[in-house]
2 protein chains.
Amino acid sequence: MVEETNVEQSKKAAKKEAAKAAKAAKKAEHKAASGKDENQNQQETSAEDVSVGKYGPFGMIQSRVKLDERKFVKVTELVNFVKSKGSVWVRGRVHTSRAKGKQCFLVLRQHCSTVQCLLSVNDKVSKQMVKFTGNINKESIIDINADVVAVANKIESCTEQTLELSINEIYVISEAKAQLPLQIEDAARPELSGDADSLNIRVNQDTRLDNRILDLRTPANQAIFRLEAGVCKLFRDILTQNGFTEIHTPKIISAASEGGANVFTVSYFKDSAYLAQSPQLYKQMAIAADFDKVFTVGAVFRAEDSNTHRHLTEFVGLDLEMSFKYHYHEVLHTIADTFTNIFKGLRDNYAREIEAVGNQYRVEAFKFLEPPLILEFHQGVEMLRGAGIEMDDEEDLSTPNEKLLGRLVKAKYDTDFYILDKFPLAVRPFYTMPDPNNSKYSNSYDIFMRGEEIMSGAQRIHDPEYLIERAKHHNIDIEKIAAYIEAFRFGCPPHAGGGIGLERVVMLYLGLDNIRKTSMFPRDPKRLTP
Amino acid sequence: MVEETNVEQSKKAAKKEAAKAAKAAKKAEHKAASGKDENQNQQETSAEDVSVGKYGPFGMIQSRVKLDERKFVKVTELVNFVKSKGSVWVRGRVHTSRAKGKQCFLVLRQHCSTVQCLLSVNDKVSKQMVKFTGNINKESIIDINADVVAVANKIESCTEQTLELSINEIYVISEAKAQLPLQIEDAARPELSGDADSLNIRVNQDTRLDNRILDLRTPANQAIFRLEAGVCKLFRDILTQNGFTEIHTPKIISAASEGGANVFTVSYFKDSAYLAQSPQLYKQMAIAADFDKVFTVGAVFRAEDSNTHRHLTEFVGLDLEMSFKYHYHEVLHTIADTFTNIFKGLRDNYAREIEAVGNQYRVEAFKFLEPPLILEFHQGVEMLRGAGIEMDDEEDLSTPNEKLLGRLVKAKYDTDFYILDKFPLAVRPFYTMPDPNNSKYSNSYDIFMRGEEIMSGAQRIHDPEYLIERAKHHNIDIEKIAAYIEAFRFGCPPHAGGGIGLERVVMLYLGLDNIRKTSMFPRDPKRLTP
């Protein structure tokens, strides 16, 4: 009740203010913002300008007025307003603008969509207004009031091909500077191999990343990061539906998790600490603390001096850990189903984004089987041997062999996604549970997308004495892992899990060639900005 | 098809294996695990033991068998099996166990639920089995096969009060060590003020945190962290429904965001870097890059040497930023609605968790108005002056005044949640947009729960020239914020936002007295472990 009064009052006040201020605002606000003097501007031209008050810089929006009566329409929804008698308001960016005699063609961009806007000198539109419109810097944000008009011939250069906007009013909301470090058109141009011309107008990756704010405005980038948000959402929703609880694990830790290699050091008051390379210990502690099935989404840090297409020093980890009753395949099948449902969710709900990325990059659709293909490691070895590769039973997959196996699996099973179970014990960390039936192998698995590993997981040893035995076998100093072992002394269910890197999964799902394309603000050994 | 064959094969193999291994497993596996020799154990007792093979250590579960035929029932669902003729399998922890002559009473705990289990010597149950059961260490994980039996008199000491389990078989899955650093019963005991006895058996906070795995097993802690996951989920779901896109912002940054105070330094290869104190710049860059409405959930770091009930050095930030058309109240009302919907979601979907916390801690139900109360800063000042506080118009709220105002607002409006809009410009950062109507104030707001600030937000200045003007006014070196200013040179919509600390919000929602209660593995200046 109280609050309603409050809101009512504020609405009334706003309307009153709006009425008073609406006209004053344009003058006063832009004066503060642009440094130009609108009065002066209008004096020059108002003598013969029939469009006075219908165009110009709006001025810096400082929340002076609410203008609730202006109903804004999204570019993708304009098609519903073609037969409408009233005009619409649209806010977007000037993609291109070009005055030609008495006409101005402006392309307005909004995310992945573009629409052609037209302004012609007539009894309501002055040549000054046309000139002003033609001179707006690219990438400036504008508000336009326009009529939505059907066109006879398809406009091939815009995403909205059946209509155009006939401008009634146009205001600059935020002006971009005249010289841009890169052109959106160049950054958005399709990568066509064999097209010699295209080499000249590609924007290189460092220029893109140095000017990430502009680069992110391309349709492909708008789509990539919306799809990335989708992967996160699907991961969490699917696991939550399956009874998982989200947890948050500390990033600052007192001891380097994997013996101190590749770990960033942090000054922690008078001490030193480290940045966590994985949430694994904390996920396992949550399992020991009866949370049964947990997942966590958060930053993971790797101080690896690797300048490759698939390494970042900081990435987003999607990790899960799950207790099981008697067999780690209970977990492996949960992971398999999670991926299947993520792929189905992307296919069903992000088709537009996948298409937008495909328009710029050559993307082969991602193929998966339902349920996913699960091979055992020795089967993978046999396939590689069949292709002429010599390798030992207990040898890990080299990167070339990993890729080759991906191609062999694709050729044989027509899937870009598969799981390789039962890795050799010798190539896995000490905490991996050995296979009870064959001591050469272990209860561990890797998962692959387009032939690249995206998850490494396993049943973890949950018995403290056995953990000590295995650690000794690996010549690990038991003192240094005492806290880890201690976590299992108060009763711990058998459990397994794994983690994926979000950026790598999105890169491989979309078939992109570099992980920097799927990290909004990537960090690598040579890049800490923006 | 291929995969089905695969799965079929694996199922058949498993069944075959299960048949062979089922009996062998119990012997073989536990031998590896517990170091005890079951054969020996059974030899000792088998002569006159009618229960042989129906109890004992199960052995370390190494995924030898699948035992898919065992259908496990949750303790909370046992009530559906009272009239069932068959027995059920339950996995849980030994909460207490006590053999008394020919009987053993065992309380099995599963998360927040407990159920009484009974075992009496009879023609099917040996005294050895009863003795074994009575000797299982507290907190060990057990599998039991039992009949669900209705009881005549309510069992007051368990959450399942109308039934008990009559044990047929009992196996120890994972044994806890005999001496526990804290007792779950003590850690879970209700905090009743004025109860002198209760002082003796409280577990102090450091003991709890040092043994967090055990401490987290209390019903209140099980509930707190499930509710915390709920807050995150609600925050994301509500914003996603409102068209927000989730983004991920880097935690390692090249320049200290707020001038270098309270920032952790990281060794970054041959350089130094910092841990981000806020994702604000990156949220704003995402806005400038046309993502319109963004949120991010992630670790935030503060190198403040504050050892208070409400400061952590690392916490989970829930941040949002949103472009608006003409007035930042578009954003403020979105934030207000988000909170309202979170509170409603918690009330409707987490009643059981709220009750479980209330059983241990004295929690007054959290009160909120719909829509939320929004006061202007000057109104808050007037209320404080009315209560005898002397303060200037442009003075910031001190912590005592903040709390007093919370009490005054609660008394007058009966709400634990309110928003204070229009803070004095002088007490806000340089990037805060001044109020266009009164230069003493600004377009900024704080949000309070139970009288403590949980969010500080504002319309940010999106005009680069004006940003420079305001920075100069604050005597900030323009050189040092050049990258920040640059972000607004390519056209940026007006925008506003804010961020909350997850742990603080959960602490205040539940009315808890310390933020370490709502961080699973808290970090403060003196604590980096576990």
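Treat the numbers as computed from the prediction; the structure is a model and nothing was measured.

A.B. asks: Any chance you could explain the overall build of chain A here in plain terms?
C.D. replies: From N to C terminus, chain A includes 16 helices and 17 strands. Considering chain A as a whole, with its 530 residues, one finds that 57% of them fall into the buried category. Counting only contacts in chain A whose residues sit at least 6 apart along the sequence, the fraction spanning at least 24 positions is 69%.

A.B. asks: Whenever I open this one, empty space enclosed by the protein confuses me. Can you help?
C.D. replies: If a probe the size of a water molecule is rolled over the atoms, the empty space left behind becomes visible. Taken as a whole and assessed by the stated rule, the structure comprises 13 cavities of 30 Å³ or more. Roughly 240 Å³ of volume is contained in the largest cavity. As for the largest cavity, its lining consists of 24 residues, of which His248(A), Thr249(A), Pro250(A), Val316(B) and Glu503(B) are closest to the centre. Those elements that place two or more of their residues in the lining of the largest cavity are strand S11 (293-301) of chain A together with helix H8 (219-241), strand S11 (293-301) and strand S12 (314-323) of chain B.

A.B. asks: How should the relation of the copies chain B and chain A be read in this particular structure?
C.D. replies: Look at the two chain copies: a rotation about an axis and a shift along it is all it takes to match them. Superposing chain B onto chain A requires a rotation of 180° together with a translation of 0.0 Å along the rotation axis, leaving an RMSD of 0.0 Å. Taken together, the rotation and translation relating the two chain copies correspond to the operation of a two-fold axis. No C-alpha of chain B approaches the rotation axis more nearly than that of Val266(B), which lies at 2.2 Å. Most of the interface of chain B is mirrored in chain A, where 99% of its interface residues are also at the interface.

A.B. asks: Sorry, what's going on with the domain arrangement of chain A here?
C.D. replies: By convention, interface size is frequently given as the accessible area that disappears when the constituent parts associate. Looking at the assigned domains, one finds that chain A contains domain 1 (57-174), domain 2 (184-208) and domain 3 (219-517). The C-alpha centroid of domain 2 of chain A is placed 28 Å from the C-alpha centroid of domain 1 of chain A.

A.B. asks: How do you make sense of the confidence of the model for chain A when you look at a structure like this?
C.D. replies: Interpreting fine coordinate detail is not advised for predicted regions of low pLDDT. Put simply, chain A has an average pLDDT of 91, and 88% of its residues get 70 or more. Within the model, the stretch residues 1-43 of chain A combines pLDDT values under 50 with 53 contacts to residues more than four positions away or in other chains.

A.B. asks: What am I meant to see in the sheet that holds strand S13 (residues 373-376) of chain B here?
C.D. replies: Hydrogen bonds along the backbone pair up the strands of a sheet, which may run parallel or antiparallel. All names here are of chain B. Overall, mixed pairing links the eight strands, which are arranged S7-S11-S12-S17-S16-S15-S14-S13 in an open sheet. For this open sheet the edge positions go to strand S7 (245-246) and S13, each flanked by a neighbour on one side alone. Summarising the sheet, strand S16 (residues 452-460) and strand S17 (residues 495-501) pair through six bridges and their orientation is antiparallel. Along S17, the bridge assignment pairs arginine 460 with histidine 495.

A.B. asks: Looking at this model, I keep getting lost on helix H14 (residues 464-473) of chain B. Mind explaining?
C.D. replies: Structurally, the α-helix is built with 3.6 residues per turn, so residues lying three or four positions apart point the same way. Residue and element names in this part refer to chain B. When we look at burial in H14, the residues that qualify are Pro464, Tyr466, Leu467, Ile468, Arg470 and Ala471. On its buried face, H14 sits against helix H15 (482-486). Structurally, the start of H14 carries an N-cap: the backbone nitrogen of glutamate 465 is 3.1 Å from a side-chain oxygen of aspartate 463. With its phi angle positive at about 55°, asparagine 475 sits one or two positions after the end of H14.

A.B. asks: What am I meant to see in the interface of chain B and chain A here?
C.D. replies: The interface of chain B with chain A comprises 119 residues on the first partner and 119 residues on the second. Between chain B and chain A, roughly 10,300 Å² of surface is buried when both sides are summed, and carbon and sulfur atoms account for 61% of that area. The residue Arg93(A) makes a salt bridge to Asp290(B) at a minimum N-O spacing of 2.8 Å. Linking chain B to chain A there are 66 residue pairs in polar contact (both at pLDDT 80 or more). Ranked by residues supplied to the side of chain B that touches chain A, first place goes to H8(B) with 10 residues.

A.B. asks: Teacher, can you tell me more about the packing of helix H8 (residues 219-241) of chain A against H8(B) here?
C.D. replies: Two elements in contact, H8(A) and H8(B), have axes whose closest approach is 12 Å; the angle formed by their N-to-C orientations is 125°. Taken as axis vectors, H8(A) and H8(B) run oblique relative to one another. When the axes of H8(A) and H8(B) are compared, the crossing they make is left-handed. Contact residues: H8(A) offers Lys233(A), Arg236(A), Asp237(A) and Thr240(A), while H8(B) offers Lys233(B), Arg236(B), Asp237(B) and Thr240(B).

A.B. asks: How should unusual backbone geometry be read in this particular structure?
C.D. replies: When glycine is set aside, most residues are seen to have a negative phi, and most peptide bonds are trans. Here Thr529(A) and Pro530(A) are connected by a cis peptide whose omega angle stands at -5°. Here Pro530(A) is to be found in the segment after helix H16 (502-510). Here the amide bond leading from Glu370(B) into Pro371(B) is cis, since omega sits at -5°, within 30 degrees of zero. Positive phi is not limited to glycine here, since Leu67(A) has a value of about 50°.

A.B. asks: Mind showing me how you'd approach the environment of Leu78(B) here?
C.D. replies: Residues and elements named next belong to chain B. Examined against the element boundaries, leucine 78 turns out to sit in the loop between strand S1 (55-57) and strand S2 (88-100). Exposure remark for leucine 78: the relative accessible area of 0% places this residue in the buried category. For the pair formed by leucine 78 and lysine 233, sequence separation is 155 residues and the distance between their alpha carbons is 29 Å. The contacts of leucine 78, once residues within four sequence positions are left out, are Val73, Val88, Val90, Val115, Val148, Leu163 and Leu165.

A.B. asks: Can you help me understand the pattern of salt bridges in this one?
C.D. replies: It is possible for side chains of opposite charge to pair when their charged atoms get near one another. Throughout the structure, instances matching the rule amount to 63 salt bridges over all chains. Across the salt bridge formed by Arg236(B) and Glu246(A), the nearest N and O atoms sit 3.0 Å from each other. Residue Arg236(B) is found in helix H8, and its partner Glu246(A) is found in strand S7 (residues 245-246); the two belong to separate chains. The exposure class assigned to Glu246(A) is buried, which follows from its relative accessible area of 5%. Among the ionic pairs, Lys440(A) bridges to Asp393(A), the shortest N-O distance being 3.2 Å. Remark: Asp393(A) occurs in the loop between helix H12 (377-386) and helix H13 (399-413) and Lys440(A) occurs in the loop between strand S14 (417-421) and strand S15 (444-449); sequence separation between them is 47 residues. Lys440(A) gets classed as partly exposed once you look at its relative accessible area, which sits at 30%. Classification of Asp393(A) by relative accessible area gives partly exposed; the value is 30%. One salt-bridge network, in which partners are shared between bridges, spans Arg93(A), Arg109(A), Glu139(A), Arg217(A) and Asp290(B).

A.B. asks: Looking at this model, I keep getting lost on the pairing of strand S9 (residues 265-268) of chain B. Mind explaining?
C.D. replies: Walk down a regular strand and you will see the side chains alternate between the two sheet faces. Residues and elements named next belong to chain B. Because side chains alternate across S9, one face comprises the buried residues Val266 and Tyr268, and the other comprises Thr265 and Ser267, none of which is buried. With four bridges joining them, S9 and strand S10 (residues 271-275) adopt antiparallel strand pairing. Bridge pairing in S10 links threonine 265 to tyrosine 274.

A.B. asks: Got a minute to help me understand the side chain of Ser444(A) in this structure?
C.D. replies: Residues and elements named next belong to chain A. Here serine 444 lies in strand S15. At a separation of 3.0 Å, a polar atom in the side chain of serine 444 contacts the side chain of arginine 428. Once you skip the residues sitting within four places of it in the chain, serine 444 turns out to touch Tyr328, Leu420, Asp421, Lys422, Phe423, Arg428, Thr432, Gly457 and Ala458.

A.B. asks: How should I be thinking about a negative patch on the surface in this particular structure?
C.D. replies: Residues and elements named next belong to chain A. On the surface, a cluster of negative charge is contributed by Asp392, Glu394, Glu395 and Asp396. Within the fold, aspartate 392 resides in the loop between H12 and H13. Accessibility expressed as a relative area gives 55% for aspartate 392, which makes it exposed.

Conventions adopted
- Residues numbered from 1 in each chain as written.
- Chains lettered and ligands numbered in written order.
- Predicted model: local features only at pLDDT ≥ 70, side-chain atom pairs only at ≥ 80, totals over all residues.
- Heavy atoms only, no water.
- Helix = DSSP H or I, 4+ residues; strand = E, 2+ residues; numbered from the N terminus.
- Buried < 20%, exposed > 50% of the residue type's maximum accessible area, 1.4 Å probe, protein only.
- Contact = heavy atoms within 4.5 Å.
- 1 Å grid on protein atoms, 1.4 Å probe; cavity = no way out; pocket = protein on both sides within 12 Å on 5 of 7 lines; lining within 4 Å.
- Points joined across faces, edges and corners; volume = space filled by probe spheres on them.
- Least-squares fit on C-alpha atoms with pLDDT ≥ 70 in both.
- Domains from an automatic or database assignment.
- pLDDT = per-residue confidence, 0-100.
- Pairing = 2+ DSSP bridges.
- Polar contact = N/O pair within 3.5 Å; in protein donor to acceptor, adjacent residues only side chain to side chain.
- Buried area = accessible area lost by both parts, 1.4 Å probe.
- Salt bridge = Lys/Arg side-chain N within 4 Å of Asp/Glu carboxyl O.
- Axes fitted to C-alpha atoms, helices over the stretch in contact; angles between N-to-C directions.
- Parallel < 35°, antiparallel > 145°, perpendicular 65-115°, else oblique.
- Left-handed = near helix turned anticlockwise from the far one by under 90°.
- Patch = residues over 30% accessible without salt bridge, like charges linked within 9 Å, V, L, I, M, F, W, Y side chains within 5 Å.
- Areas by Shrake-Rupley, 256 points an atom, 1.4 Å probe, with all protein chains shown as cover.
- Lys, Arg positive; Asp, Glu negative; His and termini not counted.
- Charge placed at Lys NZ, Arg CZ, Asp CG, Glu CD.

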